Amino acid sequence: MDKVIRVIPKLEIKGPNLIKGIHLEGLRVLGDPQSFAKHYYEDGADELIYMDIVASLYNRNTLHGLVERTANEIFIPLTVSGGIRTVSDIQKALHSGADKVGLNTGAIRNPLIIKKAAQAFGSSTITVSIEVVRQTNGQYLAYTDNGREYTGVEVVSWAKRSENLGAGEILLTSIDKDGTGSGFDIELIREVSNAVNIPVIASGGAGKVEDIVDVIKETQADGIALASILHYGFFSKCRYTYTPSEGNIDFLRSDERFLLVKPLSIKKIKDYLVKLGITCRLR
Amino acid sequence: MKIIIIDYKLNNLFSVKHACEVIGADVSISSTPGDILEADAVILPGVGAFKNAMVNIKKLHLEETIKEFIKSGKPFLGICLGMQLLFSNSEEFGSHNGLNIIKGSVKKIPKEMGEGVRVKVPYIGWNTIYSNKVSKNVWSNSALKNISENEFMYFIHSYYVQPSDKNVVLSLTRYRDLEYCSGIKKDNITAFQFHPEKSGKEGIKIYKDWLS
């Protein structure tokens, strides 16, 4: 076939909780990551991404248990990202059941890790995750440590360099758009997906199904990472029953709704895309 | 039924092992020739580089073991790189010899197809598998017997196989302009380019039917 668009739930994790913020900030606890993962698997997800959002900050890497439990019950590819800095970190993630690892902070600080990792595990195992802030002059720069640290690294050249070092895929997140539901940063995704010859996953900003259609039609993206638009659907079914061992439960127990997105199931999104002639895996 | 997954120290074996557990098999991971030869069925999995894989297989004295096991007539399953390794040679980073159990070669997916049409490599994603006239009958007696024509499976690779003997082709897949062999059946050998253990519930059926 020609391009089959991948629909990929992106689960950001802090401690034991699935969380979601806006511009990667103002984090709300949404629930148990494993329950969401299982739900998305049943709903027709093509892959899953787990992103440990404070791993780099605290120099920790604590997803292994969750990855292992998840890999026990879902049979689609799982990418694990956050706090991965060395070949040994990658090995541990793969041994826990990850199929791919995402490198961001670790790769910008030490780009050669991409090369080493690709040689050791194959390019197809290595995703470079690029988190982007658009500057007032229109330039796109990569940030690390979950959007906290300015690097001065220009995004298109970093994407190309990652490809040349052996990255197999790029996960491209617009921090400006993340959590806002205001649509993808089409220009960013177009520039990067035109510049590289490896798959690009567009991330950040999906608030309604039309946003997803736009990014597929107007860029060369190969997959779509989705968070709020999916999470807030399942969240409404499980918010009152989840009691986390740590983290703030105010939002869970409130009756407050999140109004920036129109929650949709993966199945509904795919049905809609297929109607428009966009190829997806349906099951 | 005792299944051994061959560990040549390069891979994530977790998902293959887990797929075997889900179908209720007694499964373990081993690099020991004795374990492999005693198994009722063997899986050669694989992600990673062809050359490194062959180096490790030789270092662990597994080349003869794999050949001997296959001669025994017991079920053997190759997945992804584990399929490619069965071939005569690969052009991955130079030319390298494989196990030469299936005649043919391993080729790189071209980065351009037609006039200036860019193709992304590695090829990562879901694609369909289908039979041809020759393989239609083989399909219905193979691990794919409960899989519909044009079912989606998960692929992640930069190279593809080109068998010399077209009769070993079990399934085909088309990526853009490139139609290639995505499944092999030759006597007791079954092999797939895609990852059944990452292809959802349909993929798990393949593991089940491989041994039934």
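First, a word on what this report is: a plain description of the structure on this page. Chains are numbered independently. Their residues run from 1 in the order of the written sequence. Labels follow written order: the first chain is A, the first ligand is 1, and so on. The predicted origin of the model limits local features to residues at a pLDDT of at least 70 and limits the giving and counting of side-chain atom pairs to 80 or more, whereas totals for whole chains, interfaces and linings rest on all residues. Computation of side-chain values covers all heavy atoms of the structure but excludes hydrogens and water.

Side note on the overall build of chain B
Keep this limit in mind: Counting from the N terminus, the helices are the DSSP runs of H or I reaching at least four residues and the strands are the DSSP runs of E reaching at least two. Here the globule rule reads 2.2 Å times residues to the power 0.38, and the radius of gyration is calculated from C-alpha atoms. Here the term buried applies to any residue with accessible area under 20% of the maximum for its type, exposed to any over 50%, and partly exposed to those in between, with areas from a 1.4 Å probe on protein chains only. The contact criterion used throughout is that any non-hydrogen atoms of two residues lie within 4.5 Å. In short, Shrake-Rupley with a 1.4 Å probe defines the accessible areas, and a residue's cover is counted only from the protein chains shown. The positive count covers Lys and Arg only, the negative count covers Asp and Glu only, and His and the chain ends enter neither. The atoms used to mark charge sites are NZ of Lys, CZ of Arg, CG of Asp and CD of Glu.
A count of helical and extended segments in chain B gives seven helices and 13 strands. Computed over its C-alpha atoms, the radius of gyration of chain B comes to 16 Å, within 12% of the 17 Å expected for a compact globule of 212 residues. Overall, chain B is about 50 × 40 × 30 Å in size when its C-alpha atoms are taken along their principal axes. A total of 212 residues make up chain B; the buried ones form 61% of that total. Across chain B, the fraction of contacts at a sequence separation of at least 24, relative to all contacts at a separation of at least 6, is 70%. Carbon and sulfur atoms form 49% of the exposed surface of chain B, whose accessible area is close to 8,200 Å². With 27 positive and 22 negative side-chain charges, chain B shows a spacing of 3 Å between the two charge centroids.

Quick look at the pattern of salt bridges
Quick reminder of the rule: Between Lys or Arg on one side and Asp or Glu on the other, a salt bridge is scored when a side-chain nitrogen of the former is within 4 Å of a carboxyl oxygen of the latter.
Per the counting criterion, the structure on display carries 22 salt bridges over all chains. The salt bridge involving A:R6 is made with A:E47; its shortest N-O contact spans 2.7 Å. One end of the pair, A:R6, is in strand β1 (residues 6-14); the other, A:E47, is in the loop between α1 (33-42) and β4 (48-52), and 41 residues separate them in sequence. Each of the two residues, A:R6 as well as A:E47, counts as buried. Between B:K2 and B:D26 there is a salt bridge whose closest N-O contact spans 3.4 Å. Taken together, the positions of B:K2 in strand β1 (residues 2-6) and B:D26 in strand β2 (residues 26-30) put the pair 24 residues apart, joining distant regions of the chain.

Observations regarding the interface of chain B and chain A
We count it as follows: Here the quantity called buried area is the total loss of accessible area, with a 1.4 Å probe, experienced by two parts when brought into contact, counted for both. In the analysis that follows, any N or O atom pair within 3.5 Å is treated as a polar contact, provided that within protein one partner can donate a hydrogen and the other can accept it, and provided that, for residues neighboring in sequence, both atoms belong to side chains. Residues are grouped as follows: Ala, Val, Leu, Ile, Met, Phe, Trp, Tyr, Cys and Pro are nonpolar; Asp, Glu, Lys and Arg are charged; all remaining types, including Gly, are polar.
Of the residues lining the interface, 36 residues belong to chain B; the matching set on chain A comes to 45 residues. Summed over both sides, the interface of chain B with chain A buries roughly 3,200 Å², with 51% coming from carbon and sulfur. Along the contact surface separating chain B from chain A lie four salt bridges. A salt bridge links B:R174 to A:D2; the shortest N-O distance between them is 3.6 Å. Across the contact surface, chain B and chain A share 20 residue pairs in polar contact (both at pLDDT 80 or more). Every element with two or more residues in the side of chain B that touches chain A is listed here: α1 (14-22), β8 (123-129), β9 (151-157), β11 (169-175) and α7 (200-210) of chain B. The residue inventory of the side of chain B that touches chain A, partitioned by class, reads 15 nonpolar, eleven polar and ten charged.

Description of the layout of surface pockets
Formally: Buriedness for pockets is judged along seven lines, at least five of which must meet protein on both sides within 12 Å for an open set on the 1 Å grid over protein atoms alone, while cavities are sets there where a 1.4 Å probe fits but cannot get out, and lining residues have an atom within 4 Å of a point. Grid points are joined across faces, edges and corners, and a volume is the space filled by probe spheres set on the points.
Its volume calculated, the largest pocket comes out at about 660 Å³. If you go around the largest pocket, you meet 31 residues; those closest to its centre are A:S123, B:E92, B:F93, B:S158 and B:Y159. Taken together, the elements giving at least two residues each to the lining of the largest pocket come down to α6 (112-121) and α7 (155-165) of chain A together with α3 (50-59), α5 (81-84) and β9 of chain B. By residue class, the composition of the lining of the largest pocket is 13 nonpolar, twelve polar and six charged.

Some remarks on helix α8 (residues 186-195) of chain A
Cut-off, in case you're wondering: The directions from the helix axis to the C-beta atoms are what the arc is built from.
Taken residue by residue, α8(A) has A:I186, A:L188, A:I189, A:V192 and A:S193 as its buried positions. Taken around the axis of α8(A), the buried residues stretch over an arc of 160 degrees, which confines them to a single face.

Considerations on empty space enclosed by the protein
Tallied over the entire structure, the rule returns four cavities of 30 Å³ or more. What the largest cavity holds in volume is close to 250 Å³. As for the largest cavity, its lining consists of 21 residues, of which A:D99, A:T125, B:N12, B:V47 and B:H195 are closest to the centre. Looking at the lining of the largest cavity, the elements that each hand over two or more residues are α1 and β9 of chain B. In terms of residue class, the lining of the largest cavity is made up of ten nonpolar, seven polar and four charged.

Topic: the pairing of β9(B)
Residue and element names in this part refer to chain B. Where we set the bar: Pairs of strands are assigned from DSSP output, requiring at least two bridges between the strands.
For β9, the buried fraction is high: seven of the seven residues fall into the buried class. Burial along β9 is two-sided: E151, M153, F155 and H157 facing one way and F152, Y154 and I156 facing the other are all buried. Judged from the seven bridges that link them, β8 and β9 form a sheet pairing that is antiparallel. Residue I129 lies in a different strand from β9, and its bridge partner there is E151.

Examining the pairing of strand β2 (residues 17-22) of chain A
Residues and elements named next belong to chain A. Taken across its six residues, β2 has five buried, putting it largely inside the fold. Connecting the antiparallel pair β1 and β2 is a turn made up of two residues, with G15 showing a positive phi of about 60 degrees. Direction of pairing for β2 relative to strand β3 (residues 25-31): antiparallel, over a ladder of four bridges. Its bridge partner being in β3, I22 is matched across the sheet by E25. With antiparallel pairing between neighbouring strands as the criterion, β2 and β3 make up a hairpin whose turn holds two residues, including H23 at a positive phi of roughly 55 degrees.

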